[in-house]
Amino acid sequence: MIFQPNNHSKWKIHYRPVSQKEAENVKNIAGSCYGIEPQNILTIEQVDEAEINSNNFKITTNKNTYLLRRYMGVRNQAAIGETLKLMEKLSIKGVNVPHLVPSQSKQLFVIDENNPYALFIFLNADHYRGTRQEIESAGREIGKLDKALACLPITGKQRKKLSLLKKVRELRSYNLSIWKKIFQEARHQQKNNPKDQFHADLLVKEDFILKDVRNVIKQKPRSTAWGIVHFDLHPHNLLANGKKIAAIIDFDSLHYLEKTRSLAFALHRMARQYIIFNNLTDYSKVAAEAKNIFLNAYQDICPIDKKELATIPYFIRDEALSRLTHAMKDNYFNNNPAWRQDLFKQTAHMAEAVYF
């Protein structure tokens, strides 16, 4: 089924109370590092979502409201500092990003029990929901972002640092031979474990996937522009208020890639949510409408030539196939079923590409 809600279609951000222990920890960091007196804190809440890379705490005081981000797990602290510095540069260039609050010692982030924390002014916004005003604003704001990123100097060392990891590139790589091996393994596992419906679900899509692999390989553009891009511009990484984009977030996702790949990914995700939120069903008409709204606003800020524009459907399909290949290789060859849900998500995205 195409243009159906997925995990990024939930736009309302909810918050939940934190435990007393967590509240005391947040108060301690807010007070000792940022000078926010505990007696001035009215409430502390946590974003009620599955936050893979961070925990976000909403701190309401009698004067201001803040968002304290805790970076989870073992993180490269130098990379966190570089990302926060970049956000400040982008803000100066007019890109809507969260406003960072330095610590009392003028640090961009602080460390507590080996966990990095950064404080931001809280934005009274939800995720991008897909109104007409929002998709136009998304095109404009992503245009500002891409224009600003294109102005950043980049060295060979930085290109290498921002390139996808070799392991990731290998998992994303596909051709007919690779996919035939995946289907062969699916048949083998189906025979050994017939109660696992997943193998049958994949095998039903064999002809569709193999046909798309053949077509996408034939359509690969001979050349395309590369640069620094935000490679995860989906609805949950744009904060909005129903009318305009308040901020673009998750700058941990910057990579050195094809510029049109990032643009195509963002366009597709914003357009499909526009279709879903507004409950539109004439897909040919409304996808073209959404594409025009987004790209007209984008190109007012960051023009793109016709040859690059023509590759957008290719990059939507290629990106969906790359992500699906990654998930299925992990499932069948690395015994990691974590991304099985991508079978339905990415095959839907492959089918949706024809409308763009």
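Just above, that's the structure.
From a predicted model like this one, the values you see are computed outputs, not experimental measurements.

Definitions and cut-offs
- Residues numbered from 1 in each chain as written.
- Predicted model: local features only at pLDDT ≥ 70, side-chain atom pairs only at ≥ 80, totals over all residues.
- Heavy atoms only, no water.
- Helix = DSSP H or I, 4+ residues; strand = E, 2+ residues; numbered from the N terminus.
- Rg over C-alpha atoms; globule rule 2.2 N^0.38 Å.
- Buried < 20%, exposed > 50% of the residue type's maximum accessible area, 1.4 Å probe, protein only.
- Disulfide = S-S within 2.5 Å.
- Pairing = 2+ DSSP bridges.
- Contact = heavy atoms within 4.5 Å.
- Axes fitted to C-alpha atoms, helices over the stretch in contact; angles between N-to-C directions.
- Core = buried A, V, L, I, M, F, W, Y, C linked by side-chain atoms within 4.5 Å.
- Left-handed = near helix turned anticlockwise from the far one by under 90°.
- Nonpolar A, V, L, I, M, F, W, Y, C, P; charged D, E, K, R; others polar.
- Phe/Tyr/Trp six-rings, centres within 6.5 Å; stacked < 30°, edge-to-face > 60°.
- Salt bridge = Lys/Arg side-chain N within 4 Å of Asp/Glu carboxyl O.

Let's shift gears to the overall build of the chain. Scanning the chain from terminus to terminus reveals 13 helices and 12 strands. Taking 356 residues into account, the globule formula puts the C-alpha radius of gyration at 21 Å, and the chain, at 22 Å, falls close to it. Its C-alpha atoms give the chain principal-axis dimensions of roughly 65 × 50 × 45 Å. When burial is assessed residue by residue, the chain has 52% of its 356 residues classed as buried.

Here we come to the state of the cysteines. Overall, the coordinates contain 0 disulfides when judged by the stated rule. Not part of a disulfide, Cys 302 finds its nearest cysteine sulfur in Cys 151, a span of 8.9 Å.

Let us now look at the sheet that holds strand S10 (residues 238-240). Either a parallel or an antiparallel arrangement is found when strands of a sheet pair, and the pairing is made through backbone hydrogen bonds. Taken in spatial order, the 3 strands line up as S8-S10-S11 in an open sheet, and their pairing is antiparallel. Looking at which strands have only one partner, the edges of the open sheet turn out to be strand S8 (126-127) and strand S11 (245-248). Here S8 runs beside S10; their pairing, made up of 2 bridges, is antiparallel. Bridging from a neighbouring strand, Asp 126 pairs with Ala 240 of S10. Sheet contacts for helix H3 (residues 132-150): S10 and S11; angle to S11, the most-contacted strand, approximately 40°.

With that out of the way, let us pick up the nonpolar core. Core analysis: the largest hydrophobic core is formed by 75 residues, its most contacted members being Leu 84, Trp 179, Leu 202, Phe 294 and Met 328. Broken down by element, the residue count for this core peaks at 10 residues, all from helix H12 (residues 312-333). Ignoring sequence-local partners within four residues, the contact set of Phe 294 consists of Ile 135, Ala 138, Gly 139, Ile 142, Leu 263, Ala 266, Leu 267 and Met 270. Counting 18 residues, the second-largest nonpolar core is a separate cluster that includes Ile 29, Phe 57, Tyr 66 and Leu 119.

Below, the discussion takes up the packing of helix H6 (residues 176-192) against helix H7 (residues 197-204). Following both chains from N to C, one finds H6 and H7 inclined at 145°, their axes separated by 9 Å at the closest point. Relative to H7, the crossing made by H6 is left-handed. The segment H6 lies against H7, with Trp 179, Ile 182, Phe 183, Ala 186, Arg 187, Gln 189 and Gln 190 engaging His 199, Ala 200, Leu 202 and Leu 203. Across the contact of H6 with H7, the residue classes tally to 7 nonpolar, 3 polar and 1 charged.

Turning our eyes to something else, we now look at unusual backbone geometry. The phi dihedral of Asn 114 falls on the positive side, at around 70°, and the residue is not glycine. Along the chain, Asn 114 falls in the loop between strand S6 (110-112) and strand S7 (115-121). Residue classification places Asn 114 among the exposed residues on the basis of a relative accessible area of 69%. Of note, the phi angle at Asn 335 is positive, near 55°, even though the residue is not glycine. Topologically, Asn 335 is positioned in the loop between H12 and helix H13 (342-352).

A separate point is the packing of aromatic side chains. All told, the structure shown has 12 aromatic pairs when counted by the stated rule. Ring plane angle 55° and centroid distance 6.5 Å describe the contact between Phe 3 and Phe 356, whose orientation is recorded as tilted. Separated by 353 residues along the polypeptide, Phe 3 in the segment before strand S1 (15-17) and Phe 356 in the segment after H13 bring together distant segments of the chain. Consider the rings of Phe 294 and Tyr 298, whose centres lie 6.3 Å apart with planes at 15°: the pair is stacked. Of this pair, Phe 294 and Tyr 298 both sit in helix H10 (residues 283-301), 4 residues apart, roughly one helical turn.

All right, on to the pattern of salt bridges then. Inspection of the entire model under this criterion finds 18 salt bridges. Ionic pairing is found between Arg 69 and Asp 252, a salt bridge with its closest N-O pair at 3.2 Å. Residue Arg 69 is found in strand S4 (residues 65-71), and its partner Asp 252 is found in the loop between S11 and strand S12 (254-258); the two are separated by 183 residues along the sequence. The buried category is assigned to Arg 69, whose relative accessible area is 14%. Across the pair Arg 340 and Asp 196 runs a salt bridge, and its minimum N-O distance is 3.0 Å. Residue Arg 340 is found in the loop between H12 and H13, and its partner Asp 196 is found in the loop between H6 and H7; the two are separated by 144 residues along the sequence. Taken together, the salt bridges that share partners define one network made up of Arg 172, Glu 258, Arg 261, Asp 318, Glu 319 and Arg 323.

With that settled, the discussion passes to the pairing of strand S2 (residues 41-47). Bridge count for S1 against S2 is 3 bridges, and the pairing is antiparallel. Bridging from a neighbouring strand, Pro 17 pairs with Glu 45 of S2. Sheet topology places S2 next to strand S3 (residues 54-61); 5 bridges connect them, and they run antiparallel. Bridge assignment links Gln 46 to a residue of S3, and that residue is Phe 57.

It is worth spelling out H13 at this point. Along H13, 9 of the 11 residues are buried, which leaves the element largely enclosed by surrounding structure. Tucked into the core, H13 has its buried residues touching H7, helix H8 (206-219), helix H9 (259-277) and H12.

Everything listed is a geometric property; what it means functionally is a separate question.
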